[in-house]
Amino acid sequence: MAVIPVAIAGAPYEVRIEAGILAQAGRHCRPFVRKNRVAVVTDEHVAAKWRATVEASLAGEGIVSQWLVLPAGEATKSWAHLAQTVDFLLGQEVERKDNVIALGGGVIGDLTGFAASMVKRGCGFIQMPTTLLAQVDSSVGGKTAINTPMGKNLVGAFHQPSLVLADPLALDTLPLRDTRAGYAEVVKYGLIDDAEFFEWCEANGEKLLAGDAQAREHAIARSVAAKARIVAQDEKETTGVRALLNLGHTFGHALEAETGFSDRLLHGEGVALGMVLAARFSARQGLMQGQDAERVVRHIGAVGLPASLRALGLDCDGRRLADHMLHDKKMDAGTLPFLLMRGIGQTFLAKDVDLGEVAAFLDDELAA
């Protein structure tokens, strides 16, 4: 079992990564469950695959689990489902020192974590991420949120989990499209500041997606370690270090907004295409060599992720996409910082990007 410490000041925790750990969830959760019952939030798809396993494991430790099963999909990150989750937790008489369990992908983790941050002014929660995206990214670091009609993740809180249990076997029950979407977040860590890891991704990405257990566990552990290092330096994105984790997200969130936060473009797919656009825009600005930008494009495309804006078939122009960015939560005094690249593994925060230039660039990409 790989154990990655997340050294948050005042709220440290561990990410435990092991094939089959969900079947041992009771043993791992027992020290974090004060009473002999626990509330679990999941979605319909995950419940069909993993409820029986987790429920039996908890029961084996004398823990009775009470379940809230929500609809699957991005639309669940909403005010209505947040209210439903809070009411469920209150109905289970959850106390401040209790932990609730989030069993699912990023949607369930974000929603449950946000609900936990509010119940009794903050109770604990345990993340059991079942998608690659959640295992390598959203379950670690304490960002929780819901979406609104104005944009993605605009209402939320920083609320660290008490424990994260990541089971690579859960990926075997996912559609390949979902695993590919999660892989975008793996590639991101190589592009941020680890050129060697990006080279590893180029050599091993297709093996990971094909189900190679060693490749999966290596990618999850290395990604979590990278995120833990960054989050420990800048938990609440106050110094700019943690902002590096948003590579691809400014473009990606705009694309998600344009496609209605729907299955037309999964979050990870938006991030993948966002990284392509960040690389190409960086090259256009003379910041990054064109050959490095095209290397990013080639790898994203080679693993089956979207690598062309035109291929999305959007009925809009660059200005409309740029306007979506005005609602980005990273806006600061009317300006929007962008994550751009000087090369593979050399991401930086640019605070002087002209949205008019971004709109013109997007027009060209839509027409390419």
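The sections below set out a description of the structure shown in this document. (Residues numbered from 1 in each chain as written. Predicted model: local features only at pLDDT ≥ 70, side-chain atom pairs only at ≥ 80, totals over all residues. Heavy atoms only, no water.)

## Quick notes on the overall build of the protein
- Scanning the protein from N- to C-terminus turns up 13 helices and 11 strands.
- In terms of overall dimensions, the protein is globule-like: its C-alpha atoms have a radius of gyration of 20 Å, near the 21 Å expected for 368 residues.
- Each principal axis of the C-alpha atoms in the protein carries an extent, and together these give about 60 × 40 × 35 Å.
- By residue count, 58% of the 368 residues in the protein fall in the buried class.
- When contacts within the protein are restricted to residue pairs at least 6 apart in sequence, those whose partners lie at least 24 apart make up 75%.
- As displayed, the protein has an accessible area near 14300 Å², and 49% of this comes from carbon and sulfur atoms.
- Taking the average location of the 37 positive side-chain charges in the protein and that of its 45 negative ones, the two points are 5 Å from each other. (Helix = DSSP H or I, 4+ residues; strand = E, 2+ residues; numbered from the N terminus. Rg over C-alpha atoms; globule rule 2.2 N^0.38 Å. Buried < 20%, exposed > 50% of the residue type's maximum accessible area, 1.4 Å probe, protein only. Contact = heavy atoms within 4.5 Å. Areas by Shrake-Rupley, 256 points an atom, 1.4 Å probe, with all protein chains shown as cover. Lys, Arg positive; Asp, Glu negative; His and termini not counted. Charge placed at Lys NZ, Arg CZ, Asp CG, Glu CD.)

## Some words on the environment of Leu103
- Within the secondary structure, Leu103 sits in strand β5 (residues 99-104).
- A relative accessible area of 0% means that Leu103 is categorised as buried.
- The spatial distance from the C-alpha of Leu103 to the C-alpha of Leu22 is 9.7 Å, given a sequence separation of 81 residues.

## Section: the state of the cysteines
- According to the stated counting rule, one finds 0 disulfides in the structure shown.
- For the unlinked cysteine Cys29, the closest cysteine sulfur is that of Cys123, found at 14 Å. (Disulfide = S-S within 2.5 Å.)

## With respect to the packing of helix α10 (residues 267-284) against helix α13 (residues 355-367)
- With their axes 11 Å apart at the nearest point, α10 and α13 run at an angle of 115° to one another. In terms of axis orientation, α10 runs roughly perpendicular to α13. For the element pair α10 and α13, the recorded crossing hand is right-handed. Where α10 approaches α13, its residues Leu277, Arg280, Phe281 and Arg284 are matched on the opposing element by Glu357, Val358, Ala360, Phe361, Leu362, Asp364 and Glu365. (Axes fitted to C-alpha atoms, helices over the stretch in contact; angles between N-to-C directions. Parallel < 35°, antiparallel > 145°, perpendicular 65-115°, else oblique. Left-handed = near helix turned anticlockwise from the far one by under 90°.)

## Things to note about helix α8 (residues 213-233)
- Under the 1.5 Å per step criterion, the end-to-end length of α8 is 31 Å for 21 residues, consistent within 8% with the ideal 30 Å.
- Those residues of α8 lying buried are Ala215, Arg216, Ala219, Ile220, Ala221, Ser223, Val224, Ala226, Lys227, Ala228, Ile230 and Val231.
- Each element contacted by the buried residues of α8 is listed here: β1 (2-6), β2 (13-17), α5 (132-138), α6 (176-193) and α7 (195-209). (Expected span 1.5 Å × (residues − 1).)

## Overview of the sheet that holds strand β6 (residues 124-129)
- What the 7 strands build is an open sheet, ordered β1-β2-β9-β6-β5-β3-β4; its pairing is mixed. The two strands at the open ends of the sheet, each matched to only one other strand, are β1 and β4 (64-70). Along the sheet, successive strands turn relative to each other by an average axial angle of 20°, direction set aside.
- Alignment of β6 against strand β9 (residues 163-166), held across 2 bridges, turns out to be parallel. Directly across from Gln127, in β9, lies its bridge partner Val164. (Pairing = 2+ DSSP bridges.)

## Looking at the nonpolar core
- In terms of nonpolar packing, the biggest core is built from 80 residues, with Tyr183, Phe251 and Leu309 touching the most fellow members.
- If sequence neighbours within four positions are ignored, Leu309 has contacts with Leu255, Leu273, Leu277, Leu314, Leu321, Leu362, Glu365 and Leu366. (Core = buried A, V, L, I, M, F, W, Y, C linked by side-chain atoms within 4.5 Å.)

## A closer look at the environment of Leu89
- Relative to the helices and strands, Leu89 is located in helix α3 (residues 79-91).
- In contact with Leu89, not counting residues within four places along its chain, are Ala39, Val94, Val100, Ala115 and Val119.

## Remarks on the packing of aromatic side chains
- Counted under the stated rule, the structure contains 4 aromatic pairs.
- Taking the centre distance of 5.6 Å and the plane angle of 20° together, the rings of Phe197 and Trp200 count as stacked. Taken together, the residues span about one helical turn, with Phe197 and Trp200 both in helix α7 at a distance of 3 residues.
- Overall, Trp200 belongs to the buried group, its relative accessible area being 18%.
- Grouping aromatic residues by their ring pairs yields a cluster made of Phe251, Phe281, Phe338 and Phe361.
- For Lys188, the ring lying beneath its charged end belongs to Tyr189, and the centroid distance is 5.1 Å.
- We note Arg342 situated over the ring of Phe348; from NZ or CZ to the ring centre the distance is 3.7 Å. (Phe/Tyr/Trp six-rings, centres within 6.5 Å; stacked < 30°, edge-to-face > 60°. Lys NZ or Arg CZ within 6 Å of the ring centre and 35° of its normal.)

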